Amino acid sequence: MNYKFLTVLSAIILLNCTADKKNTIDSTYYTEKFRPQFHFTPEHNWMNDPNGMVYYEGEYHLFYQHYPDGNVWGPMHWGHAVSKDLIHWQHLPIALFPDSLGMIFSGSAVVDTENTSGLGSKENPAMVAIFTQHLMKDEKAGRHDFQNQSIAFSLDKGRTWKKYENNPVLKNPGKHDFRDPKVFWHESSKQWIMILAVQDHVELYGSPNLKSWKLLSEFGYKFGYHGGVWECPDLFELPIANTDNKKWVMLVSINPGAVNGGSGTQYFIGDFDGKKFTPDSKESQWIDYGKDNYAGVTWNNVPASDGRRLFLGWMSNWQYATVVPTTIWRSAMTLPRTLELIETDSGQRIASSPVKETTALRKDTASYTALLSAGEQQSREIILDSKEFEIDLPIDLEKGNESFSIELMNDNAEQLIIGFDGDANQFYIDRTKAGGQEFSKDFGGKHLGKRSFSNKNIRLKLFIDDSSVELFTDSGSLVMSELFFPEQPFTKLKLRSSKGVTANQMTLYSLKSIWRN
Ligand code: FRU
């Protein structure tokens, strides 16, 4: 068999298919029931964690945990997409396939500008992916060293990949959970740093060349939350808003044991000296109080001229991810978010906000004034003529202990409530009556998010897609991302409140689909 000929032939067929598809994208593309219109989803089949997020030559790369042969978790591959604006995505062929060392679990990607690895050149640096390989047969055989770290590289902007011949580059010393390497270049210690999740802690490794790794330190025993296994860590420096200062932030996803049950992501703020992370506090905070933001990490290699720290999470929860009622795909990513640190009444916190590019999604704008005065308990009903929209809503509380809610409704008696409980100073999302939930006992319910502020002027931003809501408030220090599956789209909106709540102005933007013109 002439493999070279076959490879060229399949490349030509693939190119033609991609071109064809572009021309034939029609009005039915991405219109299945519940299909998100402005969030990333794979065309078909299963997706979990975002992987290998890296910016290179005008493109944001997004790889993701993918099972191309089914709509549930299965042998993991790295799916791949690129975007020029973080909003519109182009699907690319699968980047990494399982091999004799195992499936391709979560990991990261870097651009080896100085060619430290020797895998590319300074003129054409290699994009290097660092990921866990999970060897199922070794796990089944009762061994403990079935997760090892491997690398692969691309010399053509991520279009084709080659696995390194001496994989794995970091061998498992016999630890049952040993995965999800996030690698970045640390300029002051002039080395690559890898942060790795190891059951109930993280381990930091250093390398001059991405090929040989040395343990630098461990962090996390008895720090933060430990209701489940630690996964998908990240470590980066973040600017403190309105100052010239920066702090290091460590993200650690945990499953189960999140604030509202199941999967969630905690973070620590502290310092990192090239070897060791020292937190300011033993306590961690939640980056998102909603039930559906997991395994989120940040983009590598964003140009200094841009300077943003960009984050994306998997918008689901292992409690029910494999049984949510979507087909022909399963799972979406959150909106990409910019992270920074802010001072709150309760100390420093991460503030997440939807990336500024999101404003390009706006289609029509409607403004509503005098919705709620301090003496009223409900607003007039607002008709929603789009399933995808953004809401900007400033609210004034008289004393601070008042309550209010935003209710989305349809003619099927389904209702999604995004609310604020002034006595507890917390927000909530109640999806108890928001549609289907028979698929899991863990899905329904009212989920709480504690404020870090106590001011009486609150500003809410909501992003509603066909099956998700993302709430950003208190400058992004309080975020809640949640899924919902109503039988019919929500068509009406109403505000309710205890007395003493004023809503003078609400802006509602209908949003465009990112998948069709
Ligand atoms: C997190 C996770 C990772 C692992 C991947 C496997 O959701 O469990 O720890 O690498 O998913 O798909």
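Fair warning: this is a prediction, and the values are worked out from it, not measured in the lab.

Okay, the overall build of the protein chain next. From N to C terminus, the protein chain includes 2 helices and 34 strands. For 517 residues, the compact-globule estimate of 2.2 N^0.38 gives 24 Å, and the protein chain sits close to it at 23 Å. Referenced to the eigenvectors of the C-alpha coordinate spread, the extents of the protein chain come out at roughly 75 × 55 × 45 Å. Taking all 517 residues of the protein chain together, 61% fall into the buried category. Nonlocal contacts in the protein chain, meaning residues at least 24 apart in sequence, comprise 62% of its contacts between residues at least 6 apart. Per element, the accessible surface of the protein chain, about 20900 Å² overall, is 51% carbon and sulfur. For the protein chain, the distance from the average position of its 54 positive side-chain charges to the average position of its 63 negative side-chain charges is 2 Å.

Near the ligand you find N48, D49, Q65, W73, M76, F105, S106, R179, D180, E231, Y294 and W318, and these make up its full shell. Measuring from an oxygen atom of the ligand, one finds a side-chain N or O atom of N48 at 3.1 Å. Contact between the ligand and W318: an oxygen atom at 2.8 Å from a side-chain N or O atom of the residue. Isolated, the ligand exposes 320 Å² of accessible area, and the fraction of that covered by the protein chains is 95%. Of all the secondary-structure elements, those providing two or more residues to the shell around the ligand are β1 (45-56), β5 (103-112) and β9 (179-186). A per-class count over the shell around the ligand returns 5 nonpolar, 3 polar and 4 charged.

The 4 strands lie next to each other as β5-β6-β7-β8, forming an open sheet whose pairing is antiparallel. Unpaired on one side and paired on the other, β5 and β8 (162-163) mark the two borders of the sheet. Across 8 bridges, strand β6 (residues 126-134) lies against strand β7 (residues 147-154) in antiparallel orientation. Each bridged residue has a counterpart across the sheet, and for H134 the counterpart in β7 is Q147.

The next thing to look at is the domain arrangement of the protein chain. Taken domain by domain, the protein chain comprises domain 1 (3-15 + 39-354) and domain 2 (362-511). One C-alpha centre belongs to domain 1, the other to domain 2; they are set 32 Å apart. If you look at the interface, domain 1 gives 31 residues, while domain 2 gives 29 residues. The contact between domain 1 and domain 2 buries some 2400 Å² in all, and 57% of this surface belongs to carbon and sulfur atoms. The interface formed by domain 1 and domain 2 includes 2 salt bridges. Of the charged contacts in the structure, one is a salt bridge between E470 and R337, with a shortest N-O distance of 2.7 Å.

A few words on the packing of aromatic side chains. Counted under the stated rule, the structure contains 35 aromatic pairs. Ring geometry for W185 versus W192: centroids 5.1 Å apart, planes at 70 degrees, classification edge-to-face. Their ring planes at 55 degrees and their centres at 4.8 Å tell us that W314 and W318 sit as a pair that is tilted. One aromatic cluster is present, formed by Y29, Y30, F40, Y55, Y60, Y64, W89, W299 and W515 through successive ring pairs. The ring of Y30 has R35 lying over it, and the distance from NZ or CZ to the ring centre is 3.8 Å.

A side chain of one charge can pair with a side chain of the opposite charge if their charged atoms are brought near each other. Enumeration over the complete set of coordinates arrives at 32 salt bridges. The shortest N-O distance in the salt bridge between D292 and R431 comes to 2.9 Å. Of the two residues, D292 sits in the loop between β17 (285-286) and β18 (294-298) while R431 sits in the loop between β28 (426-430) and β29 (446-450), which places them 139 residues apart along the sequence. The class of D292 is buried, set by a relative accessible area of 0%. Between D392 and K461 there is a salt bridge, and its shortest N-O distance comes to 4.0 Å. Here the residue D392 occupies a position in strand β25 (residues 389-397), and K461 occupies one in strand β30 (residues 457-465), the gap between them amounting to 69 residues.

Right, let's get into the side chain of E390. Inspection of the secondary structure assignment puts E390 in strand β25. At 3.4 Å, the side chain of E390 and the side chain of K461 are in polar contact. In this structure, E390 is in contact with R362, K461, L462, F463, T507, L508, Y509 and L511, ignoring residues within four places of it in sequence.

Thresholds applied
- Residues numbered from 1 in each chain as written.
- Predicted model: local features only at pLDDT ≥ 70, side-chain atom pairs only at ≥ 80, totals over all residues.
- Heavy atoms only, no water.
- Helix = DSSP H or I, 4+ residues; strand = E, 2+ residues; numbered from the N terminus.
- Rg over C-alpha atoms; globule rule 2.2 N^0.38 Å.
- Buried < 20%, exposed > 50% of the residue type's maximum accessible area, 1.4 Å probe, protein only.
- Contact = heavy atoms within 4.5 Å.
- Areas by Shrake-Rupley, 256 points an atom, 1.4 Å probe, with all protein chains shown as cover.
- Lys, Arg positive; Asp, Glu negative; His and termini not counted.
- Charge placed at Lys NZ, Arg CZ, Asp CG, Glu CD.
- Near = heavy atom within 4 Å.
- Polar contact = N/O pair within 3.5 Å; in protein donor to acceptor, adjacent residues only side chain to side chain.
- Nonpolar A, V, L, I, M, F, W, Y, C, P; charged D, E, K, R; others polar.
- Pairing = 2+ DSSP bridges.
- Domains from an automatic or database assignment.
- Buried area = accessible area lost by both parts, 1.4 Å probe.
- Salt bridge = Lys/Arg side-chain N within 4 Å of Asp/Glu carboxyl O.
- Phe/Tyr/Trp six-rings, centres within 6.5 Å; stacked < 30°, edge-to-face > 60°.
- Lys NZ or Arg CZ within 6 Å of the ring centre and 35° of its normal.

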